[in-house]
Amino acid sequence: MGVCQWEAIAAYAADRDLEGPERDATEEERYDAQKQWLSSRGEAPHEYVLRIVAWDEACMALEPCLVPYYLEAGMEHWLLWFNPERYPPAGDLPPEDHIREALQRFLGLAPDPKWVMWYENLPSKRSVPAVRHLHVFLRLSAAPPPVGAASRLLRQA
């Protein structure tokens, strides 16, 4: 699969029967190396996530994806994590308005589908099923400047 365009992610978010975005070979190798590194430390992926993400007061965290999908230039792949103490894996995610509020908290502006979209992977495709998360895609080329600034600040945190 080649580079994934914004429109293809939007289509996949609306219909999970379509082919979704994937990592390129380099990112897939990094992903495999990360899994091997965790295994060598005796740490499960969900334990790593719980240890490294910066949880907010609502038990959510917006983090850059460490092994992002292969996306067109100007796009970024993020993960909106939900702490399992508040959002158990078998439970429901917060309603859409809460997700929008969380993204506004993290990004500084109300989410606009022109520059942000998100979805949850199907259960069969979840690599960290013990910690629910949404794949969040930012199209910085279409986002207002404060969103790019928030993205840079979050990456530095």
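Residues numbered from 1 in each chain as written. Predicted model: local features only at pLDDT ≥ 70, side-chain atom pairs only at ≥ 80, totals over all residues. Heavy atoms only, no water.

1. Some remarks on the packing of aromatic side chains
Working step 1: The tally for this structure, following the rule as stated, stands at 5 aromatic pairs.
Working step 2: Ring plane angle 80° and centroid distance 5.1 Å describe the contact between Y12 and Y119, whose orientation is recorded as edge-to-face. With Y12 in helix α1 (residues 6-14) and Y119 in strand β3 (residues 116-119), this residue pair connects regions lying 107 residues apart in the sequence. Both residues of the pair, Y12 and Y119, count as buried.
Working step 3: With 6.3 Å between their ring centres and 20° between their planes, Y69 and F137 make a pair best called stacked. Within this pair, whereas Y69 is found in the loop between β1 (60-64) and β2 (75-82), its partner F137 is found in strand β4 (residues 133-139), the two being separated by 68 residues in sequence.
Working step 4: Judged by relative accessible area, Y69 falls into the buried class, the value being 10%.
Working step 5: Residue classification places F137 among the buried positions, given a relative accessible area of 0%.
Working step 6: Above the face of the Y12 ring, R16 is positioned so that its terminal group lies 5.6 Å from the ring centre.
Working step 7: Note that R105 overlies the ring of F106, its terminal NZ or CZ placed 5.8 Å from the centroid. (Phe/Tyr/Trp six-rings, centres within 6.5 Å; stacked < 30°, edge-to-face > 60°. Helix = DSSP H or I, 4+ residues; strand = E, 2+ residues; numbered from the N terminus. Buried < 20%, exposed > 50% of the residue type's maximum accessible area, 1.4 Å probe, protein only. Lys NZ or Arg CZ within 6 Å of the ring centre and 35° of its normal.)

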